[in-house]
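A structural walkthrough
Here is what each chain is made of, one letter per residue.
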Amino acid sequence: MSSDSTAAAPEAAPPSGTSAGGHPHLGLALVVIAAAQLMVVLDGTITNIALPSIQVDLDVSASSLAWIVNSYALAFGGLLLLGGRAGDLFGRRRMFRIGIVVFTLASVLGGVAPNEELLIGARVLQGIGAAIAAPTALSLIATNFPEGKPRNKAMGVYAAMAGLGSTVGLLLGGVLTDYLDWRWVFFVNIPIGVAILAGTRILAEGERNRGRLDTPGAITGTGGLIALVYAITRGGEHGWTDSLTLGSFAAAVVLLVAFLILQARTENPMMPLRLFQDRNRSGAYLTMLFMGSGMFATFYFLTLYMQQILNYSPVKTGFAYLSFSMGMAIAAALGSKLIGRYSARQIAGPGLLIAAVGMLWFSALEPGSSYALHLAPAMFVTGVGLGSGFVPMTLGAVSGVLPQDTGIASALLNTAQQVGGALGLAVLTTVSTAAADDRVPDAAGSLYRAMAQGDQTLLGQAADALTHGYTVAFMVAAALFVAGLVITVTMINAGRQRELSEE
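Predicted, not measured: the structure shown is a model, and the values here were computed from it. (Residues numbered from 1 in each chain as written. Predicted model: local features only at pLDDT ≥ 70, side-chain atom pairs only at ≥ 80, totals over all residues. Heavy atoms only, no water.)

**A word on the overall build of the chain**
What counts, and what does not: Runs of E in the DSSP output that reach at least two residues are strands. Runs of H or I that reach at least four are helices, and both are numbered from the N terminus. With a 1.4 Å probe rolled over the protein chains alone, any residue whose accessible area is under 20% of its type maximum counts as buried; one over 50% counts as exposed, and the rest are partly exposed. Every residue pair with non-hydrogen atoms within 4.5 Å of one another is taken to be in contact. Residue burial considers only the protein chains on display, and all accessible areas are found by Shrake-Rupley using a 1.4 Å probe.
Secondary structure summary: the chain contains 20 helices and zero strands in total. Counting only residues that meet the buried cut, the chain has 58% of its 503 residues in that class. In the chain, the proportion of contacts linking residues at least 24 apart, taken out of those at least 6 apart, comes to 83%. As presented, the chain carries roughly 19100 Å² of accessible surface, and 65% of it is formed by carbon and sulfur atoms.

**A closer look at the packing of helix α5 (residues 92–111) against helix α6 (residues 116–144)**
Applicable threshold: Between N-to-C directions, angles cover 0 to 180 degrees, with each direction set by a line fitted to C-alpha atoms, over the stretch in contact for helices. Working definition: roughly parallel below 35 degrees, roughly antiparallel above 145 degrees, roughly perpendicular at 65 to 115 degrees, and oblique for all remaining angles. Handedness of each helix crossing follows the sense of rotation of the near helix against the far helix: counterclockwise by less than a right angle gives left-handed, clockwise gives right-handed. Basically, the charged four are Asp, Glu, Lys and Arg, the nonpolar ten are Ala, Val, Leu, Ile, Met, Phe, Trp, Tyr, Cys and Pro, and anything else, Gly included, counts as polar.
Interhelical geometry of α5 versus α6 gives an angle of 155° and a closest axis separation of 7 Å. On the basis of their axis angle, the class for α5 and α6 is roughly antiparallel. Every pair of crossing elements has a handedness; the one defined by α5 and α6 is left-handed. By residue class, the composition of the contact of α5 with α6 is 17 nonpolar, eight polar and two charged.

**Quick word on the pattern of salt bridges**
Which entries qualify depends on this criterion: Here a salt bridge means any side-chain nitrogen of Lys or Arg lying within 4 Å of a carboxyl oxygen belonging to Asp or Glu.
All chains considered together, the criterion is met by three salt bridges. In this structure, D43 and R123 form a salt bridge, with 2.7 Å as the shortest nitrogen-oxygen distance. Here D43, found in the loop between α2 (26–42) and α3 (51–58), pairs with R123, found in helix α6; they are 80 residues apart in sequence, far enough to count as distant. Exposure remark for R123: the relative accessible area of 0% places this residue in the buried category. With a shortest N-O distance of 3.9 Å, R183 and D57 are connected by a salt bridge. Within this pair, whereas R183 is found in the loop between α7 (149–179) and α8 (184–187), its partner D57 is found in helix α3, the two being separated by 126 residues in sequence. D57 sits in the partly exposed class, given a relative accessible area of 43%.

**Concerning the packing of aromatic side chains**
Operational definition: Aromatic pairing here means that ring centres of Phe, Tyr or Trp (its six-membered ring) are within 6.5 Å. Orientation follows from the plane angle: under 30 degrees is stacked, over 60 is edge-to-face, and everything else is tilted. Throughout this description, the term charge over a ring refers to an Arg CZ or Lys NZ atom that lies within 6 Å of the ring centre and within 35 degrees of the ring normal.
Inspection of the entire model under this criterion finds nine aromatic pairs. Taking 6.3 Å as the distance between ring centres and 80° as the angle between the ring planes, the aromatic pair formed by F301 and F474 counts as edge-to-face. Of the two residues, F301 sits in helix α12 (residues 279–309) while F474 sits in helix α19 (residues 456–491), which places them 173 residues apart along the sequence. F474 matches F301 in its accessibility class, with the two residues each being buried. Taking the ring centre of Y312 as reference, the NZ or CZ of K316 above it sits at 4.3 Å.

**Looking at α19**
Just so we agree on the cut-off: In this analysis, the expected span of each helix is defined as 1.5 Å times one less than the number of residues it contains. In the analysis that follows, any N or O atom pair within 3.5 Å is treated as a polar contact, provided that within protein one partner can donate a hydrogen and the other can accept it, and provided that, for residues neighboring in sequence, both atoms belong to side chains.
Between its first and last C-alpha, α19 extends 52 Å over 36 residues, near the 52 Å set by a 1.5 Å rise per residue. For α19, the N-terminal cap is D455; the gap from its side-chain oxygen to the backbone nitrogen of T457 is 3.2 Å.

**Considerations on unusual backbone geometry**
If you check the backbone angles, N311 has positive phi at about 60° while not being a glycine. Note on placement: N311 falls in the loop between α12 and α13 (314–320).

**Some words on a nonpolar patch on the surface**
To keep things clear, this is the line we draw: Candidate patch residues must exceed 30% relative accessible area and have no salt bridge, after which like charges are joined if within 9 Å and Val, Leu, Ile, Met, Phe, Trp or Tyr side chains if within 5 Å.
On the surface, Y179, L180 and W184 cluster together into a nonpolar patch covering about 380 Å² of accessible area. Summarising the element assignment, Y179 is placed in helix α7.

**Description of the side chain of N189**
Mapping N189 onto the fold places it in helix α9 (residues 189–199). There is a polar contact of 2.9 Å between the side chain of N189 and the side chain of D43. Those residues in contact with N189 that sit more than four places away from it in its chain are M39, D43, F103, T104, S107 and Q126.

**A word on the nonpolar core**
Which entries qualify depends on this criterion: For the purposes of this section, nonpolar cores are sets of buried Ala, Val, Leu, Ile, Met, Phe, Trp, Tyr and Cys residues that join through side-chain atoms within 4.5 Å.
Counting residues in each nonpolar core, the largest one holds 107 residues, and the members touching the most others are F96, L302, M306, F362 and L386. One finds I54, L58, L119 and L176 within the second-largest nonpolar core, a separate group that totals 16 residues.

**Some words on helix α15 (residues 344–362)**
The terminal C-alpha atoms of α15, which comprises 19 residues, lie 27 Å apart, in line with the 27 Å expected from a rise of 1.5 Å per residue. Looking only at α15, the buried set comprises A344, I347, A348, G349, G351, L352, A355, A356, G358, M359 and F362. Where α15 is buried, its residues touch α12, α14 (322–338), α16 (371–398) and α19.

Worth remembering: the numbers are spatial, not functional.
In structure tokens, the structure reads:
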């Protein structure tokens with residue numbers, strides 16, 4: 001284990017006029033940071049359930065509809081590194097405020113969008129705001145909360161928001177779409193954003209890095225990530241031999257190699273390569289990559305299964321995820337307490353194993369499976385497993401990091417989750433579609449044709465084929481969690497968080 005993983009991170013100075021252990025505004029500071037993280041993360045899924053309504057209202061083509069989701073993921077995942085570094089250089093609270101302002105204004109633009117072009121543009125702006133706000137939110141925890149129990153508690157709440165945001169987004173998306181209008185999936189961010197901005201005045205700014213922004217690194221690193229995420233997304237939609245897919249992968253390789261070379265040679269790198277010298281931190285990033293791969297795909301396929309096969313309404317689909325939310329919340333809360341008694345490996349390892357069991361449970365789904373007897377318990381088990389991993393991985397990403405590197409360290413964790421989610425979803429969608437089409441050619445199209453024509457025989461065959469495809473994807477997702485388990489066991493060897501903070 002490298003030396004910087006065993007040493008406690010330098011303690012950030014608390015806001016003026018207060019003591020490190022007794023800041024009267026710590027509770028409010030935590031509410032502000034957690035609310036921002038929840039808003040940013042849930043926006044990745046809140047539009048999913050509203051997509052059919054958006055498609056009808058704005059006359060969006062099937063190919064363009066996917067970009068309402070993908071544009072956000074591309075901007076968010078591709079610019080996270082730049083957002084984290086900007087916080088380190090120009091002030092975390094200042095950049096946090098800028099990110100929230102951009103995100104809120106983009107939500108207004110999305111809510112009033114008269115056509116798909118303006119809506120997609122608004123989603124890009126939302127992604128940019130999220131890429132600035134998300135990493136600075138995590139680094140503000142290190143700035144405002146002292147080492148030990150206060151910071152562990154704050155990290156636990158932050159991790160819970162990161163894990164629950166996707167589920168909350170699905171729930172809110174269903175309720176707002178069914179009872180109000182799809183535009184409210186954007187308008188709901190306005191009062192939240194304004195409240196967060198009002199609360200930022202009690203946050204401590206923290207020290208800044210006096211270096212300069214690594215512009216060449218920002219261009220190559222961000223461009224490489226955008227090309228990679230785009231290639232993954234397009235590969236899942238158009239095939240891995242598509243010329244534009246292959247060209248995007250090639251561009252990603254060239255840009256990312258150039259980025260690494262620049263980071264090794266520049267005086268003020270956007271992503272200090274020393275962050276990867278610690279095996280625990282590198283292990284946390286890799287584990288989060290696999291966790292994101294399985295989690296994003298789980299939401300995607302379960303939503304399709306419930307709406308296409310079980311004929312759930314949007315709001316019923318959203319409420320069905322409450323079982324997952326409960327498991328995630330319980331495990332995240334418990335994890336923040338256990339991290340002082342047990343090592344990250346002892347908490348995250350069993351959690352990933354439990355998550356893999358949940359995926360295997362989903363792999364036994366049938367077209368007529370019961371929610372109470374099959375879906376709900378499998379969701380709860382998976383939520384417990386994933387929730388157990390978020391707290392130790394979040395702490396591992398920033399433990400022992402120099403103050404000037406906290407923003408980029410947290411940005412890398414978010415990037416790992418976003419890129420992992422895009423990669424996992426693209427790969428598992430390809431696997432699922434191939435498995436379904438082996439049983440019924442163009443299974444998804446056949447399902448809709450059968451519904452329109454009232455062909456019950458074809459409807460049953462298509463539903464069976466699609467369900468088979470989903471279950472195959474769940475089996476692959478279980479393998480992804482097992483891969484994360486292997487990484488956790490072999491790479492992460494840090495002791496208890498209490499031990500780290502006392503050394």
